[in-house]
Every structure is written in C-alpha cells, then in structure tokens.
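# Structure at a glance
Spelled out, the chains give:
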Amino acid sequence: MIQEYEAEYEPDATRRDADDAESSRASRGWWDRNADEYQTDHGAFLGDDRFVWGPEGLDEADAALLGPVQSLKGLDVLEIGAGAAQCSRWLAAQGARPVALDLSHRQLQHALRIDGGAVPLVEADAGALPFADGSFDLACSAYGAVPFVSDPVRVFREVRRVLRPGGRWVFSVTHPIRWAFPDEPGPEGLSVAASYFDRTPYVEQDEAGQAVYVEHHRTLGDRVRDVVAGGFRLVDLVEPEWPAWNTQEWGGWSPLRGNLIPGTAIFVCERD
Ligand SMILES: C[S@@+](CC[C@H](N)C(=O)[O-])C[C@H]1O[C@@H](n2cnc3c(N)ncnc32)[C@H](O)[C@@H]1O
C-alpha cells in the first residue's frame with residue numbers, strides 16, 4: 001500500500017511540498033507503472049472479491065464498518081481508489097451496486113482482467129468526482145487516494161456531495177504514527193526517526209525534479225479535523241490489531257511491528 005517498488009532509475013527521495021496537481025500526476029504515473037507488480041505481489045492476499053481494509057487483513061465481512069452485511073443489498077456504493085476493484089466485487093456479491101473509481105488506467109485494467117467488466121469502472125480523480133449530487137448511499141476506500149492527495153478536505157467535500165443524506169464514508173489510511181518510524185518491517189522500523197508533527201510530504205522525484213511518487217502525512221488530529229471540515233461526523237476510528245493468523249509482510253507492515261504499533265487507521269464517517 002505504501003510505495004515499495006523501484007523505478008528504472010534510482011529516484012531521489014526527499015521531503016518537500018507537492019500540490020494536488022503534482023501529486024495526482026505522480027500518482028497516476030506511479031500506479032500505471034507499478035500496477036502489474038502490485039497485483040502480482042498482493043493480488044492473492046487481497047483476493048479477487050474480498051474486502052480487506054489493510055495489510056492486517058481486517059475483512060469487511062467481519063468488521064461490518066459499512067453497516068450490517070445484510071443491509072448492503074440494493075445500495076449504491078462508490079469505491080474510491082479502487083485499484084483492481086476487489087472490494088467492489090465483494091460488495092456486488094452482497095447485492096450492492098458498486099462503482100469502482102481510480103485514477104490509474106492500468107489498475108482499472110486489472111479490474112477488467114479479473115471480472116471482464118462486471119463492476120462498473122470510472123477513471124477519475126477523487127478530487128473531482130464525475131457524479132451528480134446524491135448519487136450514492138455509501139462511499140468507501142481501502143488505502144485509495146486519501147494518503148496521496150495534498151488536500152483531503154477537497155476529496156471529503158466531493159464525497160459528501162455525491163452521498164445521499166445519512167450516507168456513510170469509510171476510508172483507511174496508513175496509521176499516522178507510522179510517519180515517525182522508518183518504513184521497514186524489521187527491528188529497524190521500531191525506532192522513531194522523524195517527527196510525527198512534520199507534515200512535509202514524502203516525495204520521490206526524477207532527475208528533472210518532477211515528482212514520481214508522493215505521499216502526504218496528516219496527524220490523527222488533522223485527519224479528525226479534515227473529516228469535520230469535509231462535512232462529516234466521525235462515528236468510529238478503528239485501529240486493527242495484527243491477528244495471529246497473518247504471518248505475511250507487506251512493505252513496512254509486518255507481524256513484528258503490527259504487534260507493537262498500529263499500522264492502519266480506518267475512519268467511519270457519516271454525513272447529515
Ligand atoms: C494502495 S492502492 C489501493 C487500491 C485497493 N484499494 C487495494 O487495496 O489494493 C491506492 C490506489 O489509489 C489510487 N489513487 C491514488 N491517488 C488517487 C486519486 N487522486 N484519485 C483516485 N485514485 C487515486 C491509485 O491509483 C491506487 O490504485
């Protein structure tokens with residue numbers, strides 16, 4: 001979920017500002033270039049039609065953060081940053097009507113490869129959703145878009161706009177505390193190495209100084225304030241514990257670190 005592949009050249013990793021336009025451009029390029037490897041590496045863990053909230057493996061079938069599973073039938077659901085639309089496929093199997101949106105053409109091609117177009121796909125930026133007001137009952141995102149945009153409030157306002165009154169918006173991101181630690185699965189990932197309070201984006205750039213990968217950090221307090229500024233009420237904040245059955249590493253997420261510090265934060269929000 002966080003960057004873990006190498007470009008053909010060695011990108012220069014730095015901390016500097018990156019606005020929404022540069023962040024979107026970098027994300028589209030990075031995910032287009034790396035979608036094949038991402039799906040090869042993580043497709044089996046994600047499952048073709050499973051709804052997993054993060055590397056801990058918390059499954060929506062058990063967590064029911066979108067509401068009771070039996071209540072999903074007939075609901076219009078927008079999945080943002082859907083990748084290969086695994087979560088949307090699970091929603092469709094529960095009788096919901098999902099739409100899977102992603103910025104990356106190549107990620108969406110993997111959705112087509114898996115289900116031949118059974119789930120409707122939309123290629124668009126989360127900051128400008130191409131839907132009419134009040135089109136959906138629910139919106140969800142498992143590590144999609146939110147960690148990669150410089151202005152998450154813009155995304156949340158868009159999500160609020162396309163939701164019907166009372167609609168839920170549930171999204172997962174890297175737990176903010178991880179920003180302070182090196183992104184390493186082993187013991188070297190257990191010592192604080194940076195300030196949790198430093199919001200300067202993590203940027204990898206090419207030789208011309210163009211961003212090729214961007215990730216934006218918000219503290220936990222920032223995320224709560226962003227949710228409220230976006231017009232939502234925070235209903236729950238879930239920090240999944242690392243389960244004993246999960247022995248798999250995913251980038252900097254590992255059983256070692258997962259047993260000591262949270263790796264994922266899931267925000268359960270509702271609009272009026
Ligand atoms: C870590 S993947 C998560 C995908 C899927 N939920 C999963 O767990 O595999 C992040 C996804 O967010 C998408 N994304 C990044 N920025 C976006 C944006 N601004 N708008 C829409 N999608 C975006 C990427 O293209 C990528 O497919």
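- The protein goes by Class I SAM-dependent methyltransferase in an unreviewed UniProt entry, where it is assigned to Streptomyces noboritoensis.

## With respect to the sheet that holds strand β7 (residues 202–205)
- Reading across the sheet, the three strands line up as β1-β7-β8 and stay open at both edges, with antiparallel pairing between neighbours. Each edge of the sheet is formed by a strand with only one pairing partner; in this case those strands are β1 (12–15) and β8 (211–215). Averaged over all neighbouring strand pairs, the angle between strand axes comes to 20°, with direction disregarded.
- In terms of strand pairing, β1 meets β7 through four bridges, oriented antiparallel. Bridging across to β7, A13 finds its partner in E204.

## Re the pattern of salt bridges
- Taken as a whole and judged by the stated rule, the model has 17 salt bridges.
- Notably, a salt bridge pairs D133 with R161, separated by 2.8 Å at the nearest N-O pair. Placement of D133 in the loop between β4 (121–123) and β5 (136–142) and of R161 in helix α5 (residues 152–162) is noted, with a sequence separation of 28 residues between them.
- On the accessibility criterion, R161 (26% relative accessible area) is partly exposed.
- A salt bridge links R161 to E158; the nearest nitrogen and oxygen atoms lie 2.8 Å apart. Separated by three residues within a single helix, R161 and E158 lie in helix α5, roughly one turn from each other.
- Each member of the salt-bridge network shares a partner with another, and the members are R199, R218, D222, R225 and D226.

## Side note on the packing of aromatic side chains
- Summed over the entire model, instances satisfying the criterion amount to 17 aromatic pairs.
- Where W30 meets Y213, the ring centres are 5.1 Å apart and the plane angle is 65°; that geometry is what we call edge-to-face. You can see W30 sitting in helix α1 (residues 20–46) and its partner Y213 sitting in strand β8, a full 183 residues away along the chain.
- On the numbers, 6.0 Å between centres and 65° between planes, the contact of Y38 with W250 is edge-to-face. You can see Y38 sitting in helix α1 and its partner W250 sitting in the loop between β9 (232–238) and α7 (255–258), a full 212 residues away along the chain.

## Details of the site of the ligand
- If you check the shell around the ligand, you find 21 residues, and the closest are Y38, D102, Q107, A126 and A142.
- In the environment of the ligand, a nitrogen atom lies 3.3 Å from a nitrogen or oxygen atom belonging to the backbone of L103.
- One of the side-chain nitrogen or oxygen atoms of Q107 is found 2.9 Å away from an oxygen atom of the ligand.
- The fraction of the free accessible surface of the ligand (590 Å²) that becomes covered by protein chains is 99%.
- Counting residues per element, the shell around the ligand draws most heavily on α1, which supplies four residues.
- Split into classes, the residues belonging to the shell around the ligand amount to 13 nonpolar, six polar and two charged.

## What to know about α5
- Buried within α5 are the following residues: P152, V153, V155, F156, E158, V159 and V162.
- Here the buried face of α5 lies against β2 (76–80), β5, β6 (163–174), α6 (220–229) and β9.

## A few points about the sheet that holds β2
- Sheet architecture is open: seven strands sit in the order β4-β3-β2-β5-β6-β10-β9, paired in mixed fashion. Edge positions in the sheet fall to β4 and β9, since each has one partner strand and no second. Pairwise comparison of adjacent strand axes, ignoring direction, gives a mean angle of 20° for this sheet.
- Bridging between β9 and strand β10 (residues 264–271) involves six bridges; their strand directions are antiparallel. Looking across to β10, one finds that D236 is bridged to V268.
- Against the sheet, α5 contacts β2, β5, β6, β9 and β10, and its axis sits at roughly 145° relative to β6.
- Here α6 sits on the sheet and contacts β6, β9 and β10; the angle it forms with β9, its principal contact strand, is near 145°.

Calculation criteria
Residues numbered from 1 in each chain as written. Predicted model: local features only at pLDDT ≥ 70, side-chain atom pairs only at ≥ 80, totals over all residues. Heavy atoms only, no water. Pairing = 2+ DSSP bridges. Helix = DSSP H or I, 4+ residues; strand = E, 2+ residues; numbered from the N terminus. Axes fitted to C-alpha atoms, helices over the stretch in contact; angles between N-to-C directions. Salt bridge = Lys/Arg side-chain N within 4 Å of Asp/Glu carboxyl O. Buried < 20%, exposed > 50% of the residue type's maximum accessible area, 1.4 Å probe, protein only. Phe/Tyr/Trp six-rings, centres within 6.5 Å; stacked < 30°, edge-to-face > 60°. Near = heavy atom within 4 Å. Polar contact = N/O pair within 3.5 Å; in protein donor to acceptor, adjacent residues only side chain to side chain. Areas by Shrake-Rupley, 256 points an atom, 1.4 Å probe, with all protein chains shown as cover. Nonpolar A, V, L, I, M, F, W, Y, C, P; charged D, E, K, R; others polar. Contact = heavy atoms within 4.5 Å.

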